[in-house]
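Each chain, letter by letter, is given below.
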Amino acid sequence: MEREILFAKTLEQVKKQGRAEGNRISKEQVREAFVPLALDEAQLSLVYDYLEKHHIGVDQEASVEIELTKEETDYLEEYLASLRELPEITGGEREALFLSSMAGDVSARKRLVEAFLPKVPEMARIYAGQGVYLEDLIGQGNMALSEGVCMLGAAENAQDAEGMLAWFIMDSMEKLIAEGTKSRSADKKLEDKVNHIAEQAKELAEDLRRKVTVKELSEETGIPEEEIRDVYRLSGYVIEDLKD
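All of the points below concern the structure found in this document. Remember, predicted model here, so these are calculated numbers, not experimental data. (Residues numbered from 1 in each chain as written. Predicted model: local features only at pLDDT ≥ 70, side-chain atom pairs only at ≥ 80, totals over all residues. Heavy atoms only, no water.)

So, about the side chain of serine 218. Mapping serine 218 onto the fold places it in helix 10 (residues 214-221). With a relative accessible area of 13%, serine 218 lands in the buried category. For serine 218, the residues in contact, after removing those within four places along its chain, are Ile223, Pro224, Glu225 and Ile228. (Helix = DSSP H or I, 4+ residues; strand = E, 2+ residues; numbered from the N terminus. Buried < 20%, exposed > 50% of the residue type's maximum accessible area, 1.4 Å probe, protein only. Contact = heavy atoms within 4.5 Å.)

Here it is as structure tokens:
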């Protein structure tokens, strides 16, 4: 079990590293990360395949570009235009902002959020095409940014703080995608249940030549009445051949 846990944690770290490096990673970096697990080439190939499926190129010069919808492209252009009004900062100012934010300076944290805002759309592009709208990814990233600048005190230096802040943003986007996947899975399960109940009700209604009751359908199919009523209610009472 410990080996499985270590594998899962390492895979997650490798994925985040690939995201942070422009949606690409080298095989050497992957091999190095999995050294403690002593994976063979066949197992490493599975890891490479996993990363590719998550839009992370392995040993590729350019990051994997995900095509945006027209709506997402229009939104992104408008959003980036609004960010151009923010004042630019130099590299030295950027480091000073991180150091001051780490020390708890509220005004520095506010300025750091402004300075980091243009990075959020870049990260959101990396996660595009995974079932969540780009606008939602950016919104989630902005919230993580605002919260993250208040949690940089544990960093040892400005570089570590910047990496930590990027991790907060990427992690929040991944959680949003995971929640969306879970929600879609739940919706699919409900749809399957509604379709199953509807089919069973239709078959019995054809035999009886009338709509059937929940009790009759339960007795015929063995499905508990409460389950049928729940599915009927969640469907919006639209199962044509069923009545309560």
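Here the narrative resumes.
A separate point is the packing of aromatic side chains. A ring pair, where both rings are aromatic, is described by two values, the distance of the centres and the angle of the planes. Following the criterion strictly, the structure yields five aromatic pairs and no others. Measuring from ring centre to ring centre gives 5.4 Å for phenylalanine 7 and phenylalanine 34, while their planes differ by 45°; the resulting arrangement is tilted. Of this pair, phenylalanine 7 sits in helix 1 (residues 2-20) while phenylalanine 34 sits in the loop between helix 2 (27-33) and helix 3 (41-53), and the two are 27 residues apart along the sequence. Take phenylalanine 7: its relative accessible area is 30%, and that puts it in the partly exposed class. Considering the side-chain rings of tyrosine 232 and tyrosine 237, the 5.1 Å spacing of their centres and the 80° angle between planes classify their relative orientation as edge-to-face. (Phe/Tyr/Trp six-rings, centres within 6.5 Å; stacked < 30°, edge-to-face > 60°.)

The volume enclosed by the second largest pocket comes to roughly 220 Å³. Looking at the second largest pocket, it is lined by 13 residues, and the ones nearest its centre are Leu86, Pro87, Glu88, Ile89 and Pro118. Elements represented by at least two residues in the lining of the second largest pocket include exactly helix 5 (91-102) and helix 6 (106-116). Broken down by element, the lining of the second largest pocket gets its largest block of residues, three residues, from helix 6. Along the lines of polarity and charge, the residues of the lining of the second largest pocket split into six nonpolar, two polar and five charged. (1 Å grid on protein atoms, 1.4 Å probe; cavity = no way out; pocket = protein on both sides within 12 Å on 5 of 7 lines; lining within 4 Å. Points joined across faces, edges and corners; volume = space filled by probe spheres on them. Nonpolar A, V, L, I, M, F, W, Y, C, P; charged D, E, K, R; others polar.)

Looking now at the pattern of salt bridges. Applying the stated criterion to the full structure yields 14 salt bridges. Across the pair arginine 31 and glutamate 28 runs a salt bridge whose closest N-O atoms are separated by 3.8 Å. With arginine 31 and glutamate 28 both in helix 2 and three residues apart, the pair spans about one turn of that helix. One salt bridge in this structure joins arginine 31 and glutamate 41, with 3.7 Å as the shortest N-O distance. A residue pair is termed long-range when its members are at least 10 positions apart, and arginine 31 in helix 2 and glutamate 41 in helix 3 qualify at ten residues. (Salt bridge = Lys/Arg side-chain N within 4 Å of Asp/Glu carboxyl O.)

Another aspect to go through is unusual backbone geometry. Phi angles above zero are rare outside glycine, and alanine 38 is one such case at about 50°. Of note, alanine 38 is situated in the loop between helix 2 and helix 3. Even without being a glycine, arginine 209 presents a positive backbone phi close to 60°. Tracing the chain through its elements places arginine 209 in the loop between helix 9 (158-208) and strand 3 (212-213). Overall, arginine 209 belongs to the exposed group, its relative accessible area being 78%.

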